[in-house]
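These are the residues of each chain, in order.
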Amino acid sequence: MIQFFHVAKHYPGGQVALDDVTFSVLRGEFAFLTGASGAGKTTLLRLIYRGEVPSAGRILVNGRNVSSLPRHKIPYLRRTLGVVFQNFRLIDRKTVFENVSYLPRILGADRTEQRQAALEALRRVGLAHRLSAFPPQLSGGEQQRVAIARAVVQQPEILIADEPTGNLDPDLSWEIVKLFLEINRRGTTVLLATHDRATIERVGGRVLTLDAGRLVGDVTLNGTMPPALPDLDEPAGPTNPEDDSVAQPEQPGQAEQEAAETP
Amino acid sequence: MTFRRALAYFFREAATGLVRSWKVSFVAVATIAVSLFVGGVFLVVGGNLSRVAERAKEDVRVVVYFDPAAEGQQAERNREMEGLARQAKGKAWVLGATLVSSDEARQRFVATFPGLAELLDRDAEALPPSVEIRVTPEADATAGYDEWIDQLHRSPGVSTVDDDREWINQLKAVVAVVRGLGLALGGILLGAAVFTIGSVIRLTTYLYEEEITIMRLVGATEFFIRGPFYAEGLIQGFLGGALAAGGLWVAFQVTAARMQGALLGALTLARPPSPEDLLLLAALGAAGGLVGGVISLRGENLGEPPVDDA
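Quick notes on the rules
- Residues numbered from 1 in each chain as written.
- Chains lettered and ligands numbered in written order.
- Predicted model: local features only at pLDDT ≥ 70, side-chain atom pairs only at ≥ 80, totals over all residues.
- Helix = DSSP H or I, 4+ residues; strand = E, 2+ residues; numbered from the N terminus.
- Buried ≥ 20, exposed ≤ 12 C-beta atoms within 10 Å, placed from the backbone.
- Contact = placed C-beta atoms within 7 Å.
- Pairing = 2+ DSSP bridges.
- Axes fitted to C-alpha atoms, helices over the stretch in contact; angles between N-to-C directions.
- pLDDT = per-residue confidence, 0-100.
- Expected span 1.5 Å × (residues − 1).
- Nonpolar A, V, L, I, M, F, W, Y, C, P; charged D, E, K, R; others polar.
- Core = buried A, V, L, I, M, F, W, Y, C linked by C-beta atoms within 7 Å.
- Parallel < 35°, antiparallel > 145°, perpendicular 65-115°, else oblique.
- Left-handed = near helix turned anticlockwise from the far one by under 90°.

J.: What am I meant to see in the overall build of chain B here?
T.: Helix and strand counts for chain B come out as 11 helices and 4 strands. Expressed as a percentage of the 310 residues in chain B, the buried residues total 34%. For chain B, long-range pairs separated by at least 24 residues make up 88% of all intrachain contacts whose partners lie at least 6 apart in sequence.

Here it is in structure tokens:
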């Protein structure tokens with residue numbers, strides 16, 4: 001669960017990135033964060049994973065006060081979060097497997113456990129067959145799916161995404177959004193920053209709107225909260241034949257069971 | 001992650017880094033190798049000179065030379081020499097005293113330097129009679145020793161007192177200078193090498209900045225982020241130290257062979273660098289590299305995520 005209480009962020013020189021922002025995203029919720037470029041979306045997300053320290057206010061992430069978190073505890077906070085970026089942020093010189101298995105490795109998993117975790121995460125995004133590929137050998141959509149696999153490899157409680165579809169064409173964007181919805185259906189809280197109104201209107205659900213650093217809107221579109229999963233098989237235009245990211249429908253009850261297992 | 005597994009990861013990543021930026025790594029390794037080689041040369045030379053000084057100290061003599069006796073005063077001169085020898089034997093630090101007449105001194109000289117015997121024919125009194133006093137190695141540290149030497153100087157008939165301590169002390173001073181010079185030069189060069197390694201490592205972190213940012217984002221700790229860079233410094237330093245040790249061994253063998261029989265060679269190259277010396281160089285290199293890595297990254301906020309936009 002993410003809670004912001006009167007949070008402000010000012011940069012030196014008087015630039016106001018966020019001003020008196022208060023909201024909360026409940027456990028298991030899917031929420032969009034929207035606003036024009038420079039509205040403060042990235043800053044807000046960075047505050048969640050302690051990439052920034054707020055100038056005022058309090059931020060709780062799963063009950064933990066992130067604002068006052070000692071520096072040496074930040075890595076442990078980040079291990080409970082998955083973060084996805086617009087520019088993927090993959091390590092080009094490492095394989096897909098090494099990119100995805102990074103967190104299990106630093107958590108002390110042995111090679112077999114790393115492989116299992118990475119395979120499972122890559123299977124979820126439909127890229128289990130590209131284990132040995134290097135990021136530059138992948139398409140943009142595939143790279144973003146690898147980034148998502150890396151973010152969910154340890155089944156984080158919260159997944160935050162900063163314009164994850166910003167570098168992708170509309171068809172691939174929809175595939176990526178569907179992945180986030182699928183991940184959310186398994187119990188992970190998702191906060192997805194985007195300025196793509198079409199995607200927001202298509203998915204519906206909770207929408208937080210920022211404008212010049214202020215939270216100017218907190219609405220639920222289509223009255224569906226928590227978001228009902230759209231028809232994942234609904235074609236959203238021609239798909240990339242090499243892109244196998246369409247999430248497979250789950251067996252009845254599987255999502256609930258896995259959600260219960262998620263820490 | 002277990003410490004052992006973390007170390008394995010650090011060294012694997014460090015090796016990858018070394019290969020990836022082998023040119024700058026080579027410069028760092030070469031710098032530390034040169035500095036430790038120079039330090040090693042002084043270590044070997046200083047060590048050998050020091051051993052010469054120590055050996056000399058085991059057989060310290062004080063030789064008291066007398067004025068040659070005038071005609072008819074030979075008996076009196078002998079009595080003075082015997083009296084001095086007797087007095088000397090009473091001292092706790094004296095192991096023995098031997099009278100050496102001019103004739104005996106001449107015989108010794110001729111035996112030692114047969115080709116120079118004719119020199120003595122020109123001057124009948126070239127070699128004065130003397131009393132050779134052997135003293136304990138610790139004699140110079142004994143209270144009363146200096147006063148005794150002064151007394152010898154003032155004894156009747158004595159022209160010169162040759163105390164081995166003088167040249168031993170001079171040799172010790174040379175050893176101290178060689179060692180000091182070696183320490184200073186080696187220290188300066190090692191400092192430069194540590195700085196070079198530090199700079200190389202800092203450059204490497206710039207090369208890996210994006211990667212470090214990603215590591216941070218997924219929850220890697222400082223230990224995990226910095227470990228590979230420290231390992232890289234350690235490996236660079238160790239390679240430099242090992243190179244210096246190997247170079248020193250080869251240089252010693254070549255130089256010692258060329259200087260065989262020469263006095264300078266006998267003094268400075270009597271003993272090759274020991275395995276301990278060579279290990280010390282490699283260890284110093286490794287420690288220097290590690291220190292370089294640690295110092296260069298101290299206070300650095302490696303890979304703090306940049307602000308993309310507000």
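J.: Got a minute to help me understand the overall build of chain A in this structure?
T.: Counting its secondary structure elements, chain A contains 9 helices and 10 strands. Taking the contacts inside chain A whose residues are at least 6 apart along the sequence as the reference set, 69% of them involve residues at least 24 apart.

J.: Explanation requested: the sheet that holds strand β3 (residues 130–135) of chain B in the structure shown.
T.: One key point about sheets: their strands pair by backbone hydrogen bonds, in either a parallel or an antiparallel sense. Residue and element names in this part refer to chain B. Pairing is antiparallel in the open sheet, where 4 strands are placed in the order β2-β3-β1-β4. The open sheet has two edge strands with one neighbour each: β2 (94–100) and β4 (158–163). Neighbour to neighbour, the strand axes of the sheet diverge by 15 degrees on average, direction disregarded. In the sheet, strand β1 (residues 60–66) pairs with β4 via 5 bridges, with the strands oriented antiparallel.

J.: Looking at this structure, I do not really get the confidence of the model for chain B. What am I missing?
T.: The predicted coordinates should not be examined in detail at positions where pLDDT is low. Residues and elements named next belong to chain B. Of all residues in chain B, 95% attain a pLDDT of 70 or more, and the chain-wide mean is 85. Scored below 50 in pLDDT, residues 306–310 shows 10 contacts in the model against residues more than four places distant or in partner chains. Predicted as a complex, the structure gets a pTM of 0.69 and an ipTM equal to 0.73.

J.: In this structure, what is going on with helix α7 (residues 170–185) of chain A? I would like to understand it.
T.: Three- or four-residue spacings in an α-helix give side chains the same orientation, since the helix completes a turn every 3.6 residues. Residues and elements named next belong to chain A. Taking 1.5 Å of rise per residue, the 16 residues of α7 would be expected to cover 22 Å, and the 22 Å separating its terminal C-alpha atoms lies within 8% of that figure. Most of α7 sits inside the fold, with 14 of its 16 residues counted as buried. At the C-terminal side of α7, Gly-187 shows a positive phi close to 110 degrees.

J.: For this particular structure, what's the right way to read the sheet that holds strand β9 (residues 205–211) of chain A?
T.: Residue and element names in this part refer to chain A. The sheet built from 6 strands is open, its strands ordered β6-β7-β8-β3-β9-β10 with mixed pairing. At either margin of the open sheet sits one strand with a lone partner, and together these are β6 (81–85) and β10 (214–221). Taking each pair of neighbouring strands and ignoring which way they run, the sheet shows an average axis angle of 15 degrees. Contacting β3 (30–34), β7 (158–162), β8 (189–193) and β9, helix α1 (residues 41–48) runs over the sheet at an angle of about 150 degrees to β7.

J.: In this structure, what is going on with the interface of chain B and chain A? I would like to understand it.
T.: Often, the extent of an interface is quoted as the loss of accessible area on bringing the components together. Between chain B and chain A, the contact holds 15 residues from the first and 22 residues from the second. A per-element tally of the side of chain B that touches chain A places helix α8 (residues 209–217) of chain B first, with 3 residues. Classifying every residue of the side of chain B that touches chain A gives 8 nonpolar, 3 polar and 4 charged.

J.: Where do I start with the nonpolar core in this structure?
T.: The nonpolar side chains of a soluble globular protein tend to be buried with one another. Residues and elements named next belong to chain A. Core analysis: the biggest nonpolar cluster contains 75 residues, and Leu-33, Ile-48, Ala-149, Ile-160 and Phe-180 have the highest contact counts within it. When residues in this core are grouped by element, the largest group, 8 residues, is from α7. In this structure Ile-48 touches Ile-2, Ile-59, Val-61, Val-66 and Ile-160, once residues within four positions along its chain are discounted.

J.: Just to check I follow, could you spell out unusual backbone geometry for this structure?
T.: Backbone phi values are negative for most residues with the exception of glycine, while trans is the configuration of most peptide bonds. All names here are of chain A. The phi dihedral of Asp-20 falls on the positive side, at around 50 degrees, and the residue is not glycine. Within the element layout of this structure, Asp-20 appears in strand β2 (residues 16–25). The phi torsion at Arg-89 lies on the positive side, around 50 degrees, for a residue other than glycine. Position of Arg-89 among the secondary structure elements: in the loop between β6 and α3 (96–100). Overall, the presence of 20 C-beta atoms within 10 Å leaves Arg-89 in the buried class.

J.: Honestly, the pairing of β1 of chain B in this entry has me stumped. Any pointers?
T.: Sheet faces and side chains relate simply in a regular strand, where the side chains alternate between the two faces. All names here are of chain B. Only one face of β1 is buried: it carries Val-60, Val-62, Val-64 and Phe-66, and the other face, with Arg-61, Val-63 and Tyr-65, is open. Here β1 runs beside β3; their pairing, made up of 6 bridges, is antiparallel. If you follow Val-62 over to β3, its bridge partner there is Ile-133.

J.: In this structure, what is going on with the packing of helix α2 (residues 22–58) of chain B against helix α7 (residues 164–207) of chain B? I would like to understand it.
T.: Each packed pair of helices is defined by two parameters, the angle between the axes and the distance between the axes. Residues and elements named next belong to chain B. The geometry of α2 relative to α7 is characterised by a closest axis approach of 8 Å and an angle of 165 degrees between their N-to-C directions. It follows that α2 is roughly antiparallel to α7 by the angle criterion. Seen along the crossing, α2 lies across α7 with a hand that is left-handed. A breakdown of the residues in the contact of α2 with α7 according to their chemical character gives 28 nonpolar, 9 polar and 4 charged.

J.: Just to check I follow, could you spell out the packing of α2 of chain B against helix α9 (residues 222–258) of chain B for this structure?
T.: All names here are of chain B. At a minimum axis distance of 7 Å, the contact between α2 and α9 shows a crossing angle of 45 degrees. When the interaxial angle is binned, α2 and α9 end up oblique. Between α2 and α9 lies a crossing of right-handed hand. Taken together, the residues of α9 that come into contact with α2 (itself represented by Ser-25, Ala-28, Val-29, Ile-32, Ala-33, Leu-36, Phe-37, Gly-40, Val-41 and Val-44) are Gln-236, Gly-237, Leu-239, Gly-240, Gly-241, Leu-243, Ala-244, Gly-247, Leu-248 and Phe-252.

J.: Would you take a moment to explain the environment of Gln-86 of chain A for this structure?
T.: All names here are of chain A. Here Gln-86 is to be found in the loop between β6 and α3. According to the C-beta neighbour criterion, Gln-86 is buried, with 20 such atoms within 10 Å. Remark: the alpha-carbon pair of Gln-86 and Leu-168, spanning 82 residues in sequence, is separated by 8.9 Å. Apart from residues lying up to four places away in sequence, Gln-86 is in contact with Asp-162, Glu-163, Pro-164, Gly-166 and Asn-167.

J.: What's the story with the environment of Ile-2 of chain A in this structure? I'm lost.
T.: Residue and element names in this part refer to chain A. When you line up the elements, Ile-2 lands in strand β1 (residues 2–10). C-beta crowding within 10 Å serves as the criterion here: with 24 such atoms nearby, Ile-2 is assigned to the buried category. For the pair formed by Ile-2 and Leu-191, sequence separation is 189 residues and the distance between their alpha carbons is 9.3 Å. If we skip the residues at most four places from it in the chain, Ile-2 touches Ser-24, Val-25, Ile-48, Val-61, Ile-158 and Leu-191.

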